[in-house]
Structures are given as C-alpha cells and as structure tokens.
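Structural features, examined
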Amino acid sequence: MIQKFDNIIAIEGTLFDSNIYILGDTVVDTGTGMNPDNLMRKISGAGVEPGSIKHIVNTHCHFDHTGGNRLFDADIAIHSLDAEALREGDDAKTVAYMFSASMEPMEVAVELGDGDFIGDFEVIHTPGHTPGCICLYDGRSLISGDTVFADGGFGRVDIGGDINELAESIKKLMKLDIEHLFPGHGPWVDNGSMHVELAAAFLGIG
C-alpha cells in the first residue's frame, strides 16, 4: 500500500522490510534492501524519483530499517547511540544475522540527538528497542519506528533492548497529542495517542 498525506508519503514494507516514509527529499528508513527492484518501483509509484532522495533518517540501526540505505546516493542520519553499529557494519547490533544477511559498513553523516529537527519534525529519543531509537513528531503525526505500533504493540527488547527504557519512552510519548501514527511495521492509524496508551497499558504504566 502507498498512501499520501499532507507532508508524508507512506509506503508499506514488503516481507521483512520496514515501512518507509518520504518527507520531501528525505526517506525515513529503507527496509532490508533485499528487494531493491520492488522498493524502487514503489517509490516511483508514489511519484518520487528515487534519485531525488538526498537524505536518509534511520529510526534505529536494525537491518530491516537500514539495509536499504546502500541503494540511495544520500547522506545518513541516525541517533548517536546507534551510529557506531552502522559505521562498523556490526551484524550483531544491527541483527543482520537474523535475516541471513551481513551488514556492510556505512558512513554516517549526521548523529542525531533529542530535540534536533528533520524539517518540521522534531527528533524524540525513545530508547528501549535499541539504545538509539528515535521517533519524529511534527505536532500532529508521529513516525514511531519500532518504539510503538498500532493497537498497542511495541518493539521487542530481547535483542539489545531494555524494557525499563522502553517504558520511559512510552511515558514520554503519552505526553504528546498524536493524531496520526506511522509505525515501522504494520498499519498506520489515526487517533495515535490511543494506540500509545494501549502500549502503556500492556506495559503496566500509566
């Protein structure tokens, strides 16, 4: 599925690929890169020339969100705590091994931090799934990576994550007024704050 919103083009992931989101000349996450023709066809189908993508923002370092970075001639931005995993091509921290793949080292152009901006979107550091997980928020829409999914789901914490950090991140997101939720996997949904509250309930926090 491909859907266009005011300032976001949302492209549903295929197989193990994450969803990807296009903000102007920036792509948020790139999938595994294991289905390059399909990915480029989807981007073109959304009315975007793949060669026009100049910037990549990764919500975290896992291979299903970053493996496709190599398909673009674009600079890469990721939170400082996940940057080294990309620079070193760390198969363990990027969990590339779980996809029977190997992560090639990548140059990181920008190390992001809490409060930075990607266009109109503020970077919100939401560790838990990985130390450097981020969400992007523009006052209405939240691109949430694997921090929170629709219907109260959230990213697993048994592959380098921390359940206590995730709980604190969900608490942080509960303070936001989220109209649209754009997660790393699964459907994007309206009434995003409700889905964050469901995640909090599953974690036993309020």
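Residues numbered from 1 in each chain as written. Predicted model: local features only at pLDDT ≥ 70, side-chain atom pairs only at ≥ 80, totals over all residues. Heavy atoms only, no water.

The helix and strand inventory of the protein chain stands at five helices and 13 strands. Taken over the C-alpha trace, the protein chain has a radius of gyration of 15 Å; the compact-globule value for 206 residues is 17 Å, and the two agree within 12%. With respect to the three principal axes, the spread of C-alpha positions in the protein chain is 45 × 35 × 30 Å. By the burial criterion, 54% of the 206 residues in the protein chain qualify as buried. Across the protein chain, contacts joining residues at least 24 apart in sequence account for 59% of those joining residues at least 6 apart. Carbon and sulfur atoms make up 51% of the accessible area of the protein chain, which amounts to about 8800 Å² in all. Of the side-chain charges in the protein chain, 12 are positive and 33 negative, and the distance between the mean point of each set is 2 Å. (Helix = DSSP H or I, 4+ residues; strand = E, 2+ residues; numbered from the N terminus. Rg over C-alpha atoms; globule rule 2.2 N^0.38 Å. Buried < 20%, exposed > 50% of the residue type's maximum accessible area, 1.4 Å probe, protein only. Contact = heavy atoms within 4.5 Å. Areas by Shrake-Rupley, 256 points an atom, 1.4 Å probe, with all protein chains shown as cover. Lys, Arg positive; Asp, Glu negative; His and termini not counted. Charge placed at Lys NZ, Arg CZ, Asp CG, Glu CD.)

Glancing now at helix α5 (residues 192-203). For α5, built from twelve residues, the straight-helix expectation of 16 Å at 1.5 Å per residue is met to within 8% by its first-to-last C-alpha distance of 17 Å. Where α5 is buried, its residues meet α4 (163-174), β12 (180-183) and β13 (189-190). (Expected span 1.5 Å × (residues − 1).)

We now examine the sheet that holds strand β5 (residues 55-57). The strand order across the open sheet formed by seven strands is β1-β2-β3-β4-β5-β6-β7, and the pairing between neighbours is mixed. Edge positions in the open sheet fall to β1 (2-4) and β7 (110-112), since each of these has one partner strand only. Averaged over all pairs of adjacent strands, the angle between strand axes in this sheet comes to 20°, irrespective of strand direction. As paired elements, β1 and strand β2 (residues 9-11) share three bridges and run antiparallel to each other. Pairing of glutamine 3 across the sheet is with alanine 10, part of β2. Along the sheet face, helix α1 (residues 36-45) touches β1, β2 and β3 (20-23) and points at about 40° away from the line of β3. Where helix α3 (residues 80-88) meets the sheet, its contacts fall on β6 (75-79) and β7, and the angle it forms with β6 comes to roughly 130°. (Pairing = 2+ DSSP bridges. Axes fitted to C-alpha atoms, helices over the stretch in contact; angles between N-to-C directions.)

Right, let's get into the sheet that holds strand β8 (residues 117-118). With respect to topology, six strands assemble into an open sheet ordered β8-β9-β10-β11-β12-β13, the strand pairing being mixed. Bordering the open sheet on either side are β8 and β13, each of which pairs with just one other strand. Inspection of the sheet shows strand β11 (residues 141-145) paired to β12 by four bridges, in the parallel sense. What sits directly across from isoleucine 143, in β12, is phenylalanine 182.

Turning to the packing of aromatic side chains, a few remarks are in order. Under the counting rule described, the total for this entry stands at five aromatic pairs. Between phenylalanine 16 and phenylalanine 99, the aromatic rings sit 5.8 Å apart at their centres with planes inclined by 75°, giving edge-to-face as the arrangement. In this pair, phenylalanine 16 sits in the loop between β2 and β3 while phenylalanine 99 sits in the loop between α3 and β7, placing the two residues 83 residues apart along the sequence. Ring plane angle 75° and centroid distance 5.5 Å describe the contact between tyrosine 21 and phenylalanine 182, whose orientation is recorded as edge-to-face. In this pair, tyrosine 21 sits in strand β3 while phenylalanine 182 sits in strand β12, placing the two residues 161 residues apart along the sequence. Residue tyrosine 21 is classed as buried on the basis of its relative accessible area of 1%. (Phe/Tyr/Trp six-rings, centres within 6.5 Å; stacked < 30°, edge-to-face > 60°.)

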